[in-house]
Amino acid sequence: MEEMIIAIVAIFFTIGIPVLAMATHFALRPLVRDLAEALGPRKRDRETIARLADRIERLEGESRQRGELLDQLAEAELFRRQLEERAGGETVKDVT
């Protein structure tokens, strides 16, 4: 009888414990991972915020460049108008 109990305990410890450990590992691993993601800071959120900040910086830079170009175009147009006024105000005398 004692030999039978020893054999059952030996079988349980050699086969049952590893099987139970593997089953627990595969069952609890996704649960623990999901809990860690839910409770901890989200890496994806930080990456998304960083990407959005970069996009905003680029858009602001492009907006600044366009503003500078518009200022240059306005100055060029003003200069062109001044040249036309001067050329229109002066009459070329016909020497005949």
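The structure presented is a predicted model; accordingly, all values stated were derived computationally and were not measured.

### A look at a nonpolar patch on the surface
Residues Met 1, Ile 5, Val 9, Phe 12, Phe 13 and Ile 17 make up a contiguous nonpolar surface patch of roughly 640 Å² in combined accessible area. Within the element layout of this structure, Ile 17 appears in helix H1 (residues 2-39). Judged by relative accessible area, which is 35%, Ile 17 ranks as partly exposed.

### A word on the pattern of salt bridges
Within this structure, the stated rule accounts for three salt bridges. A salt bridge links Arg 81 to Glu 77, with the shortest nitrogen-to-oxygen separation between them at 3.3 Å. With Arg 81 and Glu 77 both in helix H2 (residues 43-89) and four residues apart, the pair spans about one turn of that helix. For Arg 81, a relative accessible area of 49% gives the class partly exposed. Three or more residues are tied together by salt bridges with common partners; here these are Glu 77, Arg 80, Arg 81 and Glu 84.

### With respect to the environment of Glu 84
Note on placement: Glu 84 falls in helix H2. What makes Glu 84 partly exposed here is its relative accessible area of 48%. Only 2.4 Å separates the side chain of Glu 84 from the side chain of Arg 80, close enough to count as a polar contact.

Basis of the calculations
Residues numbered from 1 in each chain as written. Predicted model: local features only at pLDDT ≥ 70, side-chain atom pairs only at ≥ 80, totals over all residues. Heavy atoms only, no water. Patch = residues over 30% accessible without salt bridge, like charges linked within 9 Å, V, L, I, M, F, W, Y side chains within 5 Å. Areas by Shrake-Rupley, 256 points an atom, 1.4 Å probe, with all protein chains shown as cover. Salt bridge = Lys/Arg side-chain N within 4 Å of Asp/Glu carboxyl O. Helix = DSSP H or I, 4+ residues; strand = E, 2+ residues; numbered from the N terminus. Buried < 20%, exposed > 50% of the residue type's maximum accessible area, 1.4 Å probe, protein only. Polar contact = N/O pair within 3.5 Å; in protein donor to acceptor, adjacent residues only side chain to side chain.

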